[in-house]
Amino acid sequence: LLTYSRLTTKAKPPEWVDLNKVIEDLKKLELATMLDETRGIIHVPQPLPSIQADPSQMHQLFQNLIGNGLKFHKEGIPPEIIIRAHEVENNMIRIEVEDNGIGIDEKYHSQLFTMFRHLHSRDQYEGTGIGLASCKKIVERHGGNIGIISTLGKGSAFWFTLPRESHLKED
């Protein structure tokens, strides 16, 4: 809860953030052990853009989404995460974090970004239930939207939009 509340109280002013560097830092630091244990791969087919944003929140956003892709992988199949970005209308960037994991039944999609929502037992998958709620708060604070495209058993693609230049909302 403290982490969630600090998304606004400890927010940093926007600066130019190289999203490629964010991904590389996560691979070397916070996600290194999980990547090693799962034999996971993070693939970025085309360089990601730089955007004006709160750097620590971009770090947290990608850590949560990639971490979920690594955590919810199919038994015996190394997780593969593909991150893509492209420009959409109104100077917005759409970013997709796609995985080859267990997928999520469509009937749960509308509940995913709700605080403390667990789709699996804690015995099966650890977690606090605030990761995706935090992602939603970060994206909306930056003036974007977030959603999911997923099929049970076939993986998930979390997508979000962010403005190239800052429109940070203060609470």
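To be clear, the structure that these remarks concern was listed above.
A brief report on the enclosed structure follows. (Residues numbered from 1 in each chain as written. Predicted model: local features only at pLDDT ≥ 70, side-chain atom pairs only at ≥ 80, totals over all residues. Heavy atoms only, no water.)

## Details of the packing of aromatic side chains
Within the structure shown, the criterion is met by 2 aromatic pairs. Where Phe62 meets Phe160, the ring centres are 5.6 Å apart and the plane angle is 70°; that geometry is what we call edge-to-face. One end of the pair, Phe62, is in helix H4 (residues 55-71); the other, Phe160, is in strand S7 (residues 156-163), and 98 residues separate them in sequence. Phe62 sits in the buried class, given a relative accessible area of 0%. On the numbers, 6.2 Å between centres and 90° between planes, the contact of Phe113 with Phe158 is edge-to-face. Separated by 45 residues along the polypeptide, Phe113 in the loop between strand S5 (92-99) and helix H5 (131-141) and Phe158 in strand S7 bring together distant segments of the chain. A relative accessible area of 14% places Phe113 in the buried class. Its relative accessible area of 5% is what places Phe158 among the buried residues. (Phe/Tyr/Trp six-rings, centres within 6.5 Å; stacked < 30°, edge-to-face > 60°. Helix = DSSP H or I, 4+ residues; strand = E, 2+ residues; numbered from the N terminus. Buried < 20%, exposed > 50% of the residue type's maximum accessible area, 1.4 Å probe, protein only.)

## Observations regarding the pairing of strand S4 (residues 80-88)
Taken together, the 3 bridges between strand S2 (residues 41-43) and S4 define a ladder with parallel strand orientation. Within the sheet, the bridge partner assigned to Ile42 lies in S4 and is Ile81. With antiparallel pairing between neighbouring strands as the criterion, S4 and S5 make up a hairpin whose turn holds 3 residues, including Asn90 at a positive phi of roughly 60°. (Pairing = 2+ DSSP bridges.)

## So, the pattern of salt bridges
The tally for this structure, following the rule as stated, stands at 7 salt bridges. Close ionic contact of Asp25 with Lys21 constitutes a salt bridge, the shortest N to O distance being 3.1 Å. Of the two residues, Asp25 and Lys21 are both situated in helix H2 (residues 19-28); the distance of 4 residues between them amounts to about one turn of the helix. Assessed through its relative accessible area of 23%, Asp25 is described here as partly exposed. A residue is classified by how much of its surface remains accessible, and Lys21, at 49% relative accessible area, is partly exposed. Residue Glu24 is joined to Lys27 by a salt bridge in which the shortest nitrogen-to-oxygen separation is 3.3 Å. Highlighted residues: Glu24 and Lys27, both in helix H2, separated by 3 residues, approximately one helical turn. (Salt bridge = Lys/Arg side-chain N within 4 Å of Asp/Glu carboxyl O.)

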